[in-house]
Amino acid sequence: MTGHNQAEHTSAHVLDVRGLSRSFSVEKSMVQSALDRLRGVAPQTLRALHEVSFSIARGETLGLLGESGSGKSTLARVLMGIYEPDSGSAKLCGREIFGVRGSERLAVLRNMQMVFQDPFGSLDPRMTVRQIISEPLKIHGLMPRENVETHLARALTDVGLDAGALDLYPSEFSGGQRQRIGICRALMLNPALLIADEAVSALDVSVQAQILELLIRLRSERNLAMLFISHDVAVVRQISDRIILLYRGNLVEELPADQLLEDGCHPYTRHLLEAALFLREGDRLPDAISATALVETNAGCCYRPVCPQAGKECQQRPLLREIKPGHRVACHFAGE
Ligand SMILES: Nc1ncnc2c1ncn2[C@@H]1O[C@H](COP(=O)(O)OP(=O)(O)O)[C@@H](O)[C@H]1O
Ligand SMILES: [Mg+2]
């Protein structure tokens with residue numbers, strides 16, 4: 001269990017996630033599945049999330065960093081109720097979010113909104129901006145009776161768009177502008193938590209910077225808590241207060257964003273940082289490790305199969321332990 005040295009559930013946290021796990025069964029050919037059944041081999045599962053625990057305070061941005069396939073989107077989807085968790089709990093503003101239905105579920109969703117990666121695919125091309133951004137208000141029965149027009153216009157100008165955009169369609173905007181529309185929609189209900197899953201990854205670098213600036217401004221104006229998910233070390237460092245690193249569904253390190261480069265010490269964290277450095281110089285990844293398609297069959301440290309430091313101790317799964325205030329690492333050798 002990863003219950004060691006962790007902050008207690010406190011209402012000061014907007015989001016409090018404890019021991020969250022989710023597995024998927026691994027896709028196999030029909031022949032392979034039949035052979036496995038004959039031989040009595042249990043169906044294999046892939047642990048997309050393995051006992052993940054963390055919390056986010058009001059006004060705080062937590063960066064979630066990890067390679068493709070590390071389980072980042074699965075985490076977002078489980079929180080949003082798109083996937084069911086296998087086990088674990090999550091509290092939003094002190095209220096449990098799993099297993100609740102009806103009006104309670106609606107109340108949770110109102111407080112937690114998401115911005116997606118693809119600014120082209122995530123907006124319905126047949127809806128006008130007015131319909132897109134007023135939809136959350138309708139769903140939650142929160143249409144302001146008077147001054148709807150003023151309300152919608154103010155919401156748009158707040159994300160840096162012209163109020164004249166209300167009657168246009170998504171196709172009439174650039175990628176960056178569409179992402180502003182997505183952010184506007186997500187904020188219409190004044191949520192306590194915003195989840196941004198690769199929200200700037202599809203944008204050009206200059207547009208990325210503008211959207212990051214917008215998110216930083218909105219966070220401080222509204223005291224928003226944000227879970228900012230990305231595979232991009234530089235982007236996550238820029239926007240986050242704290243960072244957690246995910247490797248094949250395991251939370252391997254957690255630390256303040258401004259300490260990442262210097263103090264990040266899990267072997268996977270060092271690998272990611274080196275890779276980011278190489279990529280910036282236009283070079284190739286050093287002995288690239290595929291985070292996907294590896295099936296969990298054995299116990300021990302998740303990083304052991306590829307870790308240059310692995311030793312005998314690593315046959316035991318390392319606990320996430322605090323090596324100094326605010327800095328936790330799941331490695332037997334951390335802090336030595
Ligand atoms: N619906 C699904 N069915 C089966 N496997 C899935 C599903 N969603 C995600 N996975 C697997 O879970 C792992 C984590 O995926 P994902 O959360 O999308 O990673 P990330 O967002 O970090 O790239 C991957 O190996 C992926 O193939
Ligand atoms: Mg993803």
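Quick look at the structure, then. (Residues numbered from 1 in each chain as written. Chains lettered and ligands numbered in written order. Predicted model: local features only at pLDDT ≥ 70, side-chain atom pairs only at ≥ 80, totals over all residues. Heavy atoms only, no water.)

**Brief notes about the overall build of the chain**
Secondary structure assignment for the chain yields ten helices and twelve strands. Of the contacts made within the chain by residues no fewer than 6 positions apart, 67% connect residues no fewer than 24 positions apart. Entry remark: accessible area of the chain is about 16,400 Å², with carbon and sulfur atoms responsible for 50%. (Helix = DSSP H or I, 4+ residues; strand = E, 2+ residues; numbered from the N terminus. Contact = heavy atoms within 4.5 Å. Areas by Shrake-Rupley, 256 points an atom, 1.4 Å probe, with all protein chains shown as cover.)

**Notes on helix H1 (residues 30-39)**
Counted residue by residue, H1 has one buried out of ten residues, so it is predominantly exposed. The positive-phi residue at the C-terminal boundary of H1 is Gly40, with phi of around 75°. (Buried < 20%, exposed > 50% of the residue type's maximum accessible area, 1.4 Å probe, protein only.)

**Things to note about the sheet that holds strand E3 (residues 61-65)**
With mixed pairing, eight strands are arranged side by side in an open sheet as E6-E7-E8-E3-E9-E10-E12-E11. Taken across any chain shown, the strands that pair with only one partner, and hence form the sheet edges, are strand E6 (112-115) and strand E11 (321-324). Strand-to-strand twist in this sheet, taken as the mean axis angle between neighbours without regard to direction, amounts to 25°. As paired strands, strand E10 (residues 250-256) and strand E12 (residues 327-329) are joined by two bridges and run antiparallel to one another. Directly across from Glu253, in E12, lies its bridge partner Val329. Sitting on the sheet, helix H2 (residues 72-80) touches E3, E6, strand E7 (193-197), strand E8 (225-230) and strand E9 (242-247), and the angle it makes with E7 is about 145°. (Pairing = 2+ DSSP bridges. Axes fitted to C-alpha atoms, helices over the stretch in contact; angles between N-to-C directions.)

**Considerations on the pairing of E9**
Burial analysis of E9 places six of its six residues in the buried class, the great majority of the element. Here E9 shows a buried face lined by Arg242, Ile244 and Leu246 and a second buried face lined by Ile243, Leu245 and Tyr247. Sheet analysis places E3 next to E9, joined by four bridges and oriented parallel. Bridge pairing in E9 links Gly63 to Ile243. Pairing geometry for E9 and E10, over six bridges, is antiparallel. Among the inter-strand pairings, Tyr247 is bridged to a residue of E10, identified as Asn250.

**Notes on the side chain of Ser134**
Of note, Ser134 is situated in helix H4 (residues 129-139). Overall, the relative accessible area of 3% leaves Ser134 in the buried class. Every residue in contact with Ser134, bar those within four places of it in the chain, is listed here: Met143 and Leu152.

**Section: the site of ligand 1**
Near ligand 1, the surroundings consist of Phe24, Leu46, Ala48, Glu67, Ser68, Gly69, Ser70, Gly71, Lys72, Ser73, Thr74 and Tyr83. Between ligand 1 and Gly71, the relevant distance is 3.1 Å, taken from an oxygen atom to a main-chain nitrogen or oxygen of the residue. The contact in question runs from an oxygen atom of ligand 1 to an N or O atom on the side chain of Lys72, over 2.8 Å. Here ligand 1 has 560 Å² of accessible area as a free molecule, and 68% of this is covered by the chains. At the level of elements, strand E2 (45-57) and H2 are the ones that each hand at least two residues to the shell around ligand 1. (Near = heavy atom within 4 Å. Polar contact = N/O pair within 3.5 Å; in protein donor to acceptor, adjacent residues only side chain to side chain.)

**Brief notes about the nonpolar core**
Soluble globular proteins tend to pack their nonpolar side chains together in the buried interior. If you look at the biggest cluster of nonpolar residues, it comprises 56 residues, and the most contacted ones within it are Ile133, Ile183 and Phe228. If sequence neighbours within four positions are ignored, Ile133 has contacts with Leu152, Leu156, Leu166, Ile181, Cys184, Arg185 and Met188. Counting 34 residues, the second-largest nonpolar core is a separate cluster that includes Leu15, Leu49, Val100 and Met114. (Core = buried A, V, L, I, M, F, W, Y, C linked by side-chain atoms within 4.5 Å.)

**Details of the sheet that holds strand E4 (residues 87-92)**
In space, the four strands of this open sheet follow the order E2-E1-E4-E5, with antiparallel pairing throughout. Edge strands, defined here as strands with exactly one partner in the open sheet, are E2 and strand E5 (95-96). Taken together, the nine bridges between strand E1 (residues 13-25) and E2 define a ladder with antiparallel strand orientation. In the sheet register, His13 faces E2, and the bridge partner there is Ala57.

**Considerations on the packing of aromatic side chains**
The full count for this structure, using the stated rule, is four aromatic pairs. Seen from their ring centres, Phe24 and Tyr83 are 5.4 Å apart, and the 75° between their planes marks the pair as edge-to-face. Residue Phe24 is located in strand E1, and its partner Tyr83 is located in the loop between H2 and E4; the two are separated by 59 residues in the primary sequence. Relative accessible area serves as the criterion here: at 25%, Tyr83 is assigned to the partly exposed category. Ring geometry for Tyr247 against Tyr268: centres 4.7 Å apart, planes inclined by 50°, an arrangement best described as tilted. (Phe/Tyr/Trp six-rings, centres within 6.5 Å; stacked < 30°, edge-to-face > 60°.)

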